[in-house]
Amino acid sequence: MTAGSVRFGIVVFPGSNCEYDTHHALCTFPEAHPYYLWHKDRDLQGADCVILPGGFSYGDYLRTGAVARFSPIMQEVAAFAKAGGLILGICNGFQTLTEAHILHGALRRNRGLRFVCHPQYLRVERTDTPFTGRMRVGQVIQVPVNHNEGNWTAGADRLQEIEDRGLVAFRYCDAGGNAIDAANPNGATDNVAGILNEGNNVLGMMPHPERVCEEIVGGIDGRALFRSMIDSVLERRGG
Amino acid sequence: MPELYEQLGLTRWEYEKICAIQGREPTHVELAVFSLMWSEHCGYKHSKPLLKRFPTTGEHVLQGPGENAGIVDIGGGVAVAMKIESHNHPSAVEPYQGAATGVGGIIRDIFAMGARPICGLDSLRFGEIEPLPARPARGAAPDGGTPNGAAGGAPALAAPVADTPPSEAVTSRQRYLFEQVVAGIGGYGNCMGIPTVAGEVYFEDPYAGNCLVNAMTVGLVKRDEIIRSKAAGVGNHVVLIGSKTGRDGIGGASVLASQVFDETLEQKRPSVQVGDPFTEKKLLEACLELLGADLLVALQDLGAAGITSSSSEMAAKGEVGIDLHADRVPLREADMESWEIMISESQERMLCIVAPDRWEGVKAICDRWDLDATVVGEVTDTKHLRVFFRGEMVGDMDAEALTEPPTYDIPQNRPAHEVDEPLDPEAYPAPEASLEEILLDLVGSPNIASRRWVWQQYDHQVQLNTVIVPGGDAALLRVKKTGAGIAVCTDGNGRRTYLDPYRGGKAAVCEAARNVSCVGAKPIAITNCLNFGNPDNSPTAYQLAHAIEGMAEACEALGTPVISGNVSLYNESFEQPIYPTPVVGMLGVMSDVAANCTVGFKSEGDVVLLMGDATPVLDGSEYQKRWFGGPRGRPAGRIPDVDLDDELALQSALRRAIEARLLRSAHDCSDGGLAVALAECCVAGKIGVTVTLAEVPWVGGSVGCASSAGAAQGRTSAAGPLAGRPDIAFFGEAPTLAVVSVAPQDVETFEDLCRAEGVPWTQLGAVGGGDLVITSIGHEAEGLGAGDSGSGQSGVRVPVVTLDEIYESALCRALGE
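Predicted model only: the values in this text are computed from it and were never measured.

Student: Can you help me understand the overall build of chain B in this one?
Tutor: Across its full length, chain B carries 25 helices and 30 strands. Looking at chain B as a whole, 66% of its 817 residues are labelled buried. Across chain B, contacts joining residues at least 24 apart in sequence account for 85% of those joining residues at least 6 apart.

Below you can see the structure in the form of structure tokens.
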């Protein structure tokens, strides 16, 4: 496969473990050119998009993502975010983005106090973003969760602000699209599964879209997300 | 005060032998090293002579037992490394860390071969997590004794079985152990990014004081990039990579693994190691990077007995010597003695042999991963392991003498509870309960119910290879590079093996193979973990020897050599040995991963068939345990022997039918018998089925003859042996049976295939509706009213949603969630 033109820099922290999967999933898109960024680097190598993958950076020994945020590359990631670059944080990557204050809120331990790994329905809340442009508002997609600390929350004031500005990208829901408590795998406030920054150029989400890009390993509902990112970059270039 | 050598687990005879080898009294370091290397855990001194019985070679085998892991060629330049290992005693003492470090240890064994671990499996045994339903022990053994196992007086093997249920203290401890072991496995495997895809868990009284935690890892390696642990090149560096060395796990191998548990259990807690999966993840990536850059001569993980066993094994295999400088080992605690450094079982460490001109490269990669890498010794031509500490030689031992401990031929006696004849069902009259009641009881039994509670705590998808997730007969993974499939599972049934170790061992191998055949893969190799009691007791020795014989015969017939494994003896507590539990880890391969099959029924109208004609028995079944086994659920009787020719034919037919895409579903008929197998197919497929057992050979009717096609195999009978016992027909257990479903238009082709393979089959009914309906005498299913009850009833009708609710919630309920 010839490499595409949309450059995806995948950050590898010690303890990351979904970097290969993310790379593999992106390779199924001819327009994508995924490559790895080492946590000690200070150069994003011309990335169009940066992905912070899932895993257990630094073992998650202190607090999830709490050590990774101090990696040298995170300064570049923060600057990239400020400059409007597309950043996707998946699972541990989401946790790291909140620790770095690039995204709102914090991820606490699942309310069931157990690790959860299972398919999960998500309701799409926004489609006017670079991550969800190829989805429909209210669409229900199935993307697996796989975490021990996915219980997102934020302070009461902040919560109001987040809702007012419509920063919630995905909510946990049942098959019918109802964001009910029984469909919430970890106790996240308001069933929040993924949130955006104010500029809509940074998305953090607990579910793993890279795991559902091929039918044989469980589905293709994650493709729309990467497709949206690629199209958004290409459109921006075209314009 | 016993002598020091006794405290270290050596006998006087062994100690004298060590003195003879050394030509003097051993030094403190030497005694510590010998005691560990000659322990059962490291040295296999009781089991080695018996293990020779296993077939270990074959066309696919690239590496048999004796290395960190076994390796088989799966074609396309790709090979699979795999091994299973026990961490029973550490888990009984500290379940979270015991299980976690068990997983960590077996993962290191796999990447020590140069393979990237692609999945883990875990076979677990605990005592009962909830009391068995209060039912009197029913029936009478042939000698008039109880079905609790004693044929002719008190069994020599086991302490008399209590006739009271296990106390709340015992069941609550089992729940704690179970929850913590699962958390420990997940805590380590999830962090490593290695999916945990399959395994087993059983709850039986004899494991209450001695749980079993057997962890298996499977890895992929390019055929030409395999590395081994043989040290070579006099003058080469011996390099230690990974964690610093502390006092954790000192004496673990001899204290924990090779002694019987007693009331000092809590005092043994400091001997359990603590896991650090983050360091292991870095170690894994760094080692694979070092191998990719061709910087290593040999690689070996540090497991039981730490640097002692790894260095002496590397030296012995290479027929070279190694000089170790214990004072160069990076320490966590500065004041450690030389012998402590030598035997510490600190986790997440690897030993490698590096040519001096490659050392800079090794150091650079380890620095990049923030890992310690230290030259702690060098390869010599002495064939001795020599230990230096602060300029002084504190130990000098022949490497071969360390790795070749004396072996023992152990006296064997058949356990008193074993009987020659199966139970006479007449002596075990059917319970008053309805078949429906029995079915729901079994579906909700902790041994049968859904394991979702377990595997949802494991990342079972990372690496993007998992095609069939946990919960099926076997997990299926794709090989991205070749499009092939790898099917894996573990199997072992202690209850059955207790009744007949030879047949039980054979059945474990066959069931594991059947499970991978049910997803469409051809079994090609096994790894095994032999969990037994104290081999100094002759009935245990008998069980070990006979289980090995049964397994070996099955492996020969199936063409699945044993490529690696582990023996765990002394699994006893408070005088009660565990059920003898050989656990088989099976590997199957298929050329096209897309041509696979799963358990659940798929579509309305599909025809349901039974493959095989073995007659189910009560003996050793889950039904017997829960309805006739008394408060401790003890088995009785004798399990049927597997007919290996029938087994081979059945599995071949399953694979051919799946490859030809004739099967919509396939499921091995195992715990709980045919009725439970049908229930599981319904629950997995979320659809009902209506079947009759009237035609199955053990009830009545003609075998191998579909009622419509009428193509008889020539084996017919008018009324089967269980015509009057629908309960045993429904819930009895037998090997070599599978339930499949086939689209109506493919039935004829499928039956032709069965005929060609020599496999008897019976049409049972059709998929459809929302209920599981089973009749045994062929009358109209509609005739089964809700009012029917009692042993006279001949069928069941249960909504699939009810089955699903019970099946999915039973473990949570037992755990009080």
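Student: Would you explain the side chain of glutamate 572 of chain B in this entry?
Tutor: All names here are of chain B. By secondary structure assignment, the location of glutamate 572 is in strand β19 (residues 572-573). Arginine 634 is the oppositely charged side chain nearest to the buried, salt-bridge-free glutamate 572, at an N-O distance of 12 Å. Among the polar contacts made by the side chain of glutamate 572, one reaches the main-chain amide nitrogen of asparagine 534 at a distance of 2.7 Å.

Student: Teacher, can you tell me more about empty space enclosed by the protein here?
Tutor: One simple way to see leftover space: roll a probe sized like a water molecule over the atoms. Applying the stated criterion to the full structure yields 8 cavities of 30 Å³ or more. When its volume is computed, the largest cavity comes out at roughly 170 Å³. No other element matches helix α18 (residues 501-519) of chain B, which puts 3 residues into the lining of the largest cavity. Tallied by class, the residues present in the lining of the largest cavity amount to 8 nonpolar, 3 polar and 6 charged. Forming the walls of the second largest cavity are 15 residues, and the residues nearest its centre are Gly55, Phe56, Cys91, Asn146 and His147 of chain A.

Student: Help me understand the sheet that holds strand β2 (residues 70-75) of chain B in this model?
Tutor: Residues and elements named next belong to chain B. Across the sheet, which stays open at both edges, the 6 strands sit in the order β1-β2-β3-β6-β4-β5 with mixed pairing between neighbours. Each having just a single partner strand, β1 (61-63) and β5 (196-203) make up the two edges of the open sheet. On average, adjacent strands in this sheet sit at an angle of 20° to one another, irrespective of strand direction. Sheet topology note: the strand β4 (residues 116-126)/β5 ladder contains 7 bridges and is parallel. From the neighbouring strand, aspartate 122 faces β5, where its bridge partner is glycine 199. Lying over the sheet, helix α8 (residues 168-192) contacts β4, β5 and β6 (212-222), oriented at roughly 180° with respect to β4.

What counts and how
Residues numbered from 1 in each chain as written. Chains lettered and ligands numbered in written order. Predicted model: local features only at pLDDT ≥ 70, side-chain atom pairs only at ≥ 80, totals over all residues. Heavy atoms only, no water. Helix = DSSP H or I, 4+ residues; strand = E, 2+ residues; numbered from the N terminus. Buried < 20%, exposed > 50% of the residue type's maximum accessible area, 1.4 Å probe, protein only. Contact = heavy atoms within 4.5 Å. Lys, Arg positive; Asp, Glu negative; His and termini not counted. Salt bridge = Lys/Arg side-chain N within 4 Å of Asp/Glu carboxyl O. Polar contact = N/O pair within 3.5 Å; in protein donor to acceptor, adjacent residues only side chain to side chain. 1 Å grid on protein atoms, 1.4 Å probe; cavity = no way out; pocket = protein on both sides within 12 Å on 5 of 7 lines; lining within 4 Å. Points joined across faces, edges and corners; volume = space filled by probe spheres on them. Nonpolar A, V, L, I, M, F, W, Y, C, P; charged D, E, K, R; others polar. Pairing = 2+ DSSP bridges. Axes fitted to C-alpha atoms, helices over the stretch in contact; angles between N-to-C directions.

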